[in-house]
Amino acid sequence: MRKSLPVLLLLLILLNLSGCQSRKETAAAFNEFQNEISGIEVYTTEKPGEEPRQIINLVDRQLTQRFLNLLGPLPKTEPPPEDWKGKKDYLAFKYNKNGEIAVSKRYPFWHQDNAPGYLELEDGWHQVAAEFYTKLAPLAEYTEASSDIDPQDAAFLKQYGWTIFYKIKTYTGRLPDKFIHESGEYPVSLYYAYNNELSRDVGLDITPYLGKTVTVNLYKIEEPLPPFMEPRRDANRAVIVKDGIKIIGAWLDAGRHDAFACSLKGRRLEEITGKSWGEWVDQYIDHQNPQEKLISQMSPEKVIETYYEAINNNDPRTAHATETRRRLVGYLFRNMDNNRLYNYSYATNDADEIGNITRARIIRIQPINDPATAGRDDVKKFMVEVDLNVRRVVTYDSGRRILFFTLRRETPTTGWRIDAIGTGP
């Protein structure tokens, strides 16, 4: 066994060397391999003089061709102006050379949002259509993007005017058993209840499939989201839910921070249901849950006290039960990895402030008169001084803090809940 180790090490070294050689930049000029391009790489630098690092590595040949079409005819142009305000990156191209994949040198590429870019090739500067990098940039996140598009999905979306650009990812998972949300529960049921309303707007309904294992295809689409989604129209994604080959749900999605968007007809929840958020969500709450009943009877001050008592007792579910459902669904998308439909739990990322607090003691709670909410009986604001210990510093250290709470009657039957916690009034 010991004698074989040097041989194995030698083989590993040779394999690594061959791998490095296969990625060695070639001296071929762009016009020599332009018609053989099969992939695109993007490199960036954070500081002058540092070695560029790769941020995009596109290897899907069909998807590459779509981006080459966006790259355009590359007309000759003058160099970038001296007062250029954009970003300088580098493009490299994979191409077929004698039956193998070669990689070009890195070409300087200057770009900025919603403006034509500049690409320096061997024969000088060329203009790049603004759309090229606008659509290429998300691949820094969508590392598994592919041209593997289900024709049935593409045809279904096309009926409503949406064109699939590429597939982001496919998931297989189990739908919730019901749409009803229990007190303090992570709100996956509300995610599907909300998006099922959007699905119903195009004649679909996932209700009969609750509790079943389904396939979910997440796509990037070409067209921007409707104007009411400004300034997030380019966060344009489509979700297709399938039972086998049957499409049972479909909607448009806006990704990280707040994925809720609209139906394939471009209509929002309020338009479809004729209800406000509070009126709509009320029907999906288990009002008979004992904890739900208890908290619904509390004063606003008692709700704040219960929130911190639960945190201090390492009882995150009760702490979350004191929050509005609108605030709870925010946890689904806050700081979300954009390759997901939603965060998997309250503790997915740094958004889990409750889980980061190890001790909490309220010093005082003081009502605030806010002219913006004067005369309203569904909103109250409070200044809260609290002494906290935290596991690690995320946005603040251990010690006393002054926080500003907004309490809201989200629905007539659920009483007061915490709708927002901020550092200013």
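Undergrad: Before we move on, can you summarise the side chain of Asp 153 with the specific residues and values?
TA: Within the secondary structure, Asp 153 is located in helix α5 (residues 151-158). Accessibility expressed as a relative area gives 0% for Asp 153, which makes it buried. Of the polar contacts made by the side chain of Asp 153, one reaches the side chain of Tyr 219; its length is 2.6 Å. With residues up to four places along the chain from it excluded, the contact list for Asp 153 reads Ile 164, Asn 217, Tyr 219, Ile 240, Lys 242 and Ile 247.

Undergrad: Give a description of the pattern of salt bridges that names residues and reports values.
TA: Enumeration according to the criterion identifies 30 salt bridges in this entry. In this structure, Arg 200 and Asp 205 form a salt bridge, with 3.9 Å as the shortest nitrogen-oxygen distance. Arg 200 gets classed as partly exposed once you look at its relative accessible area, which sits at 39%. Note that Glu 271 is salt-bridged to Arg 268, the shortest N-O span being 3.5 Å.

Undergrad: Would you mind going over the environment of Asn 313 in detail, with residue names and values included?
TA: Within the secondary structure, Asn 313 is located in the loop between α10 (300-312) and α11 (316-321). Through-space distance from the C-alpha of Asn 313 to that of Thr 358 is 8.7 Å; in sequence the pair is 45 residues apart.

Undergrad: Explain the pairing of strand β9 (residues 213-221) to me, and be specific about the residues and the numbers.
TA: Burial runs high along β9: seven of the nine residues are buried. Summarising the sheet, strand β8 (residues 164-174) and β9 pair through nine bridges and their orientation is antiparallel. Following the sheet pairing, Tyr 166 is matched in β9 by Lys 220. Where β9 lies against strand β10 (residues 237-243), six bridges are found, and the strand directions are antiparallel. Counted as the bridge partner of Lys 220 is Arg 237 from β10.

Undergrad: Account for helix α6 (residues 188-200), naming residues and giving values.
TA: If you check α6, its first and last C-alpha atoms are 18 Å apart, about what 13 residues at 1.5 Å a residue would give, namely 18 Å. Across the 13 residues of α6, 12 count as buried, placing the element largely inside the fold. Along α6, the residues classified as buried are Val 188, Ser 189, Leu 190, Tyr 191, Tyr 192, Ala 193, Tyr 194, Asn 195, Asn 196, Glu 197, Leu 198 and Ser 199. In the core, the buried residues of α6 are packed alongside β11 (246-253), β12 (260-262), α7 (269-273), α8 (277-281) and α12 (325-333).

Undergrad: Give me the lowdown on the nonpolar core, citing residues and values where you can.
TA: Of all hydrophobic cores here, the largest spans 94 residues; its most connected members are Phe 67, Phe 93, Phe 132, Tyr 192 and Tyr 308. When residues in this core are grouped by element, the largest group, seven residues, is from α6. Not counting residues within four places of it along the chain, the set of residues in contact with Phe 67 comprises Ile 40, Leu 58, Phe 132, Lys 135, Leu 136, Leu 139, Phe 165 and Tyr 166. Core analysis: the next-biggest nonpolar cluster, separate from the first, contains 19 residues, Trp 162, Ile 164, Cys 262 and Leu 264 among them.

Undergrad: Describe the pairing of strand β5 (residues 107-112), listing the residues and the values that go with them.
TA: Two strands pair when backbone bridges link them, and strand β3 (residues 87-97) and β5 are joined in this way by five bridges, in the antiparallel orientation. If you follow Leu 91 over to β5, its bridge partner there is Tyr 107. One ladder, built from three bridges, connects β5 with strand β6 (residues 115-121); its direction is antiparallel. Bridge pairing in β6 links Phe 109 to Leu 119. Hairpin connection, β5 to β6: the antiparallel pair is bridged by two residues, and Asn 114 has positive phi, about 55 degrees.

Undergrad: Report on the sheet that holds strand β15 (residues 399-409), specifying residues and quantitative values.
TA: A sheet is described by the order of its strands in space; here four strands give the open sequence β13-β14-β15-β16, paired in antiparallel fashion. Across the chains shown, the open sheet's two edge strands, defined by having one partner strand only, are β13 (357-368) and β16 (416-422). Averaged over all pairs of adjacent strands, the angle between strand axes in this sheet comes to 35 degrees, irrespective of strand direction. Pairing of β13 with strand β14 (residues 379-390), which is carried by 10 bridges, proceeds in the antiparallel orientation. Bridging across to β14, Arg 361 finds its partner in Asp 387. Those strands touched by α10 are β13, β14, β15 and β16, and its axis lies near 170 degrees from that of β13.

Cut-off values and rules
Residues numbered from 1 in each chain as written. Predicted model: local features only at pLDDT ≥ 70, side-chain atom pairs only at ≥ 80, totals over all residues. Heavy atoms only, no water. Helix = DSSP H or I, 4+ residues; strand = E, 2+ residues; numbered from the N terminus. Buried < 20%, exposed > 50% of the residue type's maximum accessible area, 1.4 Å probe, protein only. Polar contact = N/O pair within 3.5 Å; in protein donor to acceptor, adjacent residues only side chain to side chain. Contact = heavy atoms within 4.5 Å. Salt bridge = Lys/Arg side-chain N within 4 Å of Asp/Glu carboxyl O. Pairing = 2+ DSSP bridges. Expected span 1.5 Å × (residues − 1). Core = buried A, V, L, I, M, F, W, Y, C linked by side-chain atoms within 4.5 Å. Axes fitted to C-alpha atoms, helices over the stretch in contact; angles between N-to-C directions.

Any link to function would need more than the numbers given here.
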